[in-house]
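Okay, here's what each chain looks like letter by letter:
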Amino acid sequence: MSASTIHLPAVDVPVLGEYEVVVIGGGPAGLFAAAAAARAGRRTILIERYGFLGGAGTMGGLSTFCGLHARVHGEDVRVIRGLADELLDRLDRLDGLSVPHLSVADRIMAQAFDISAYKIAADELIVASGAELLFHATAVDVVMEGDRIDAVVIESKSGRAAVRGQVFIDGSGDADLAVWSGAAVERSEHLLYPSLMFRINGVDAAAAGPAWQTIRRIMEEAEAAGTHTFPRKKPIVRPQRNPLEWRSNLTQLSNDDGSAVDGTDVRQLTHGELQGRQQVKDTFAFIRERTPGFEESYVVDIAPQIGIRETRRIVGAYSLTEDDILGCADFEDTIGVNGWPVEAHVPGDVEFRFADPGSRGYNQMPYRMLVPRGTANLLVAGRCASMTQRGQSSGRVTGPCFVMGQAAGAAADLALETGRDVADIDVTTLQARLEAAGAYLGRELPSPEMSVAAEYAAAR
Ligand SMILES: Cc1cc2nc3c(=O)[nH]c(=O)nc-3n(C[C@H](O)[C@H](O)[C@H](O)COP(=O)(O)OP(=O)(O)OC[C@H]3O[C@@H](n4cnc5c(N)ncnc54)[C@H](O)[C@@H]3O)c2cc1C
């Protein structure tokens with residue numbers, strides 16, 4: 001009675017619209033890609049499966065920007081500029097941005113944000129750019145004409161429809177458009193492990209003190225004493241802008257065989273959600289019982305979905321590597337920079353690897369990592385761009401995803417203007433336009449005003 005497949009008849013679907021630039025996914029990469037393309041005057045649509053923007057930053061409950069900063073010859077500098085300046089300003093005006101804090105053994109800065117404020121700031125950024133937004137619409141397929149995407153097929157409560165475009169930008173995080181259009185993609189044998197984020201409220205900040213150190217220590221002591229086993233070492237539990245509230249990044253989601261939950265497998269995703277919430281329950285009970293200041297605390301929010309770090313990546317014209325990160329590589333076709341260390345989520349632990357202390361502290365990111373092989377009118381930005389797994393272990397965080405997104409949007413505009421394929425645009429012109437829009441490409445050392453010390457001294 002049950003066959004392994006069923007045949008769906010072909011159907012005609014309505015064309016919802018025709019655009020110059022179609023962006024799938026409203027995470028940091030897709031958000032900036034759509035804003036940049038629309039700012040350049042292109043008729044642009046941003047299609048997002050949820051009802052809000054921000055990607056893992058909101059749906060995954062991150063509440064911290066990593067990769068906005070680099071430690072340049074010992075000085076902490078915000079190296080991600082351009083549209084990022086505007087987004088941070090909008091967040092700040094909403095009172096939703098903390099001052100940067102030292103992270104990862106005090107070797108690099110990160111910056112916490114309020115998740116609700118981020119949703120609003122991202123809405124405002126897109127609306128102000130002139131891009132059209134389509135929420136609650138999931139891309140499910142593409143229609144090809146030779147090696148070009150003609151339309152993306154979407155599903156929503158309004159039914160199935162097609163959205164036509166001239167240039168497409170894949171900000172899905174999973175390289176969805178790349179796969180469906182036949183571009184070259186790869187996946188690692190051992191994926192980085194996902195986590196389910198949660199936030200704790202009702203913390204007595206004075207009593208808690210630097211509890212981000214205490215919690216790590218008492219978890220390690222409990223494991224050493226054999227009384228507890230936790231899903232992962234190096235927990236991150238830190239205060240938000242209002243220290244009544246703390247974010248928690250300490251779960252690790254695996255299948256029964258120990259492999260990482262795969263964000264492109266619906267059964268594994270389901271298992272990960274269930275497992276994640278059990279880990280939240282168990283680890284929070286431990287923290288509340290053992291940590292001064294947490295006695296009256298409670299879980300105020302579990303992220304809408306588990307956070308996926310890695311699935312498919314394109315194999316593009318260049319793949320960013322760990323050596324590029326640790327060696328502070330330069331590229332002729334730089335579109336921006338990345339100063340985050342390699343952050344590998346391996347079984348039961350997180351490994352960090354940094355460029356040498358005292359080094360320039362950032363690598364440039366080449367335009368070629370956005371250019372897939374096999375699909376002529378597609379750019380791929382964000383965590384599924386062309387990087388080796390170890391390169392992606394650094395380049396996937398928000399700062400470099402902002403860089404890739406802004407560059408992809410500007411490149412789509414340039415391809416349309418010159419009638420060229422995205423692989424053949426004049427990168428010198430792209431670089432000039434990115435710099436004119438305020439982006440920092442790392443071709444000279446950052447100016448003194450870009451240092452965190454100068455930025456916050458000026459703000460006071
Ligand atoms: C648990 C966890 C913790 C992390 N912690 C941090 C941190 O503290 N700081 C930091 O900077 N980075 C952190 N990261 C890294 C984070 O993944 C990246 O910063 C970033 O969000 C990746 O951006 P992206 O735009 O490539 O993809 P995503 O953020 O994954 O966004 C993809 C977007 O596309 C949408 N989408 C996907 N498929 C479709 C489709 N078919 N149709 C329509 N919409 C679609 C999704 O809904 C989503 O909005 C963390 C990641 C995880 C998983």
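Scope of this entry: the structure provided in the associated data block. Chains are numbered independently. Their residues run from 1 in the order of the written sequence. In keeping with the predicted nature of the model, local features appear solely for residues at pLDDT of at least 70, side-chain atom pairs appear and are counted solely at 80 or more, and the whole-chain, interface and lining totals rest on all residues. No hydrogens and no water enter the side-chain calculation; it runs on all heavy atoms of the structure.

Let's shift gears to the nonpolar core. What is meant by a nonpolar core is a set of buried Ala, Val, Leu, Ile, Met, Phe, Trp, Tyr and Cys residues, joined one to another through side-chain atoms within 4.5 Å. Partly exposed residues are those whose accessible area sits between 20% and 50% of the maximum for their type, while under 20% is buried and over 50% is exposed, using a 1.4 Å probe and protein chains only. Counting 75 residues, the largest nonpolar core has Phe65, Tyr367, Leu370 and Leu379 as its most contacted members. At 12 residues, the largest contribution of residues to this core is made by helix H11 (residues 398-418). A run of DSSP states H or I qualifies as a helix once it reaches four residues; a run of E qualifies as a strand once it reaches two. Both are numbered from the N-terminal end.

Here we take up unusual backbone geometry. The phi dihedral of Ser63 is positive, around 60°, even though this residue is not glycine. For Cys328, which is not glycine, the phi dihedral falls at a positive 50°. With respect to the helices and strands, Cys328 occurs in the loop between helix H9 (322-326) and strand S18 (334-338).

Let us look at the sheet that holds strand S7 (residues 108-112). Note: two strands are recorded as paired if DSSP finds a minimum of 2 bridges between them. Spatial ordering of the open sheet is given by S3-S7-S6, a layout of three strands whose pairing is antiparallel. Single-partner strands in this sheet number two, and they are strand S3 (64-66) and strand S6 (101-103). This sheet shows a mean twist of 45° between the axes of neighbouring strands, independent of strand direction. With three bridges joining them, S3 and S7 adopt antiparallel strand pairing. Its bridge partner lying in S7, Phe65 is registered against Gln111. Angles shown run from 0 to 180 degrees and are taken between the N-to-C directions of axes, each axis being a line fitted to C-alpha atoms and, for helices, limited to the stretch in contact.

Now for the site of the ligand. Nearness is judged by heavy atoms alone; a residue qualifies as near a molecule or strand once a single heavy atom is within 4 Å of it. Taken together, the neighbourhood of the ligand is formed by 34 residues, with Glu48, Arg49, Thr64, Cys66 and Thr398 sitting nearest. Polar contact is the term for a pair of N or O atoms within 3.5 Å; when the atoms are in protein, one must be able to donate a hydrogen and the other to accept it, and sequence-neighboring residues count only if both atoms are side-chain atoms. Side-chain polar atom of Thr398 to an oxygen atom of the ligand: 2.5 Å apart, as the coordinates give it. Every element with two or more residues in the shell around the ligand is listed here: helix H1 (28-39), helix H2 (56-59), S3, strand S9 (138-145) and H11. Broken down by element, the residue count for the shell around the ligand peaks at three residues, all from S3. Within the shell around the ligand, the residues separate by chemical class into 16 nonpolar, 12 polar and six charged. Ten residue types, Ala, Val, Leu, Ile, Met, Phe, Trp, Tyr, Cys and Pro, are classed as nonpolar, four, Asp, Glu, Lys and Arg, as charged, and the remainder, Gly among them, as polar.

To describe a pair of aromatic rings, you give the distance between the ring centres and the angle between the ring planes. By convention, a stacked pair of Phe, Tyr or Trp rings (six-membered ring in the case of Trp) has centres within 6.5 Å and planes under 30 degrees apart, an edge-to-face pair has planes over 60 apart, and any other such pair is tilted. In total, this model carries 11 aromatic pairs according to the counting rule given. What links up through ring pairs into an aromatic cluster is the set Phe32, Phe65, Phe113, Tyr118 and Phe402. Geometrically, a lysine NZ or arginine CZ counts as sitting over a ring once it is within 6 Å of the ring centre and also within 35 degrees of the ring normal. The ring of Phe52 carries Lys119 above its face, with NZ or CZ at 4.4 Å from the centroid. Arg238 extends its terminal NZ or CZ atom over the ring of Trp212, reaching a point 4.6 Å from the ring centre.

The next thing to look at is the sheet that holds strand S13 (residues 198-201). Sheet architecture is open: four strands sit in the order S14-S15-S13-S16, paired in antiparallel fashion. Of all the strands in the sheet, the pair left with one neighbour each is strand S14 (236-239) and strand S16 (298-302). Averaged over all adjacent pairs, the angle separating strand axes in this sheet is 25°, with direction ignored. Sheet topology places S14 next to strand S15 (residues 246-249); four bridges connect them, and they run antiparallel. Each residue of the ladder has a partner; that of Ile236, found in S15, is Asn249. On top of the sheet, helix H7 (residues 211-225) reaches S14 and S15; it is set at about 155° to S14, its chief contact. The contact criterion used throughout is that any non-hydrogen atoms of two residues lie within 4.5 Å.

Here the focus is H1. An α-helical segment advances 3.6 residues per turn. Residues three or four places apart therefore align on the same side. Spanning 12 residues, H1 covers 16 Å between terminal C-alpha atoms, matching the ideal 16 Å at 1.5 Å per step. Most of H1 sits inside the fold, with 11 of its 12 residues counted as buried. Taken as a whole, H1 has its buried residues at Pro28, Ala29, Gly30, Leu31, Phe32, Ala33, Ala34, Ala35, Ala36, Ala37 and Ala38. Among the structural elements, strand S1 (15-24), strand S2 (44-47), helix H3 (83-93), helix H4 (115-129), strand S11 (159-170) and H11 are those in contact with the buried residues of H1. Of the residues one or two after H1, Gly41 is the one with positive phi, at around 95°. Expected span of a helix, by definition, is 1.5 Å for each gap between consecutive residues, and there is one gap fewer than residues.

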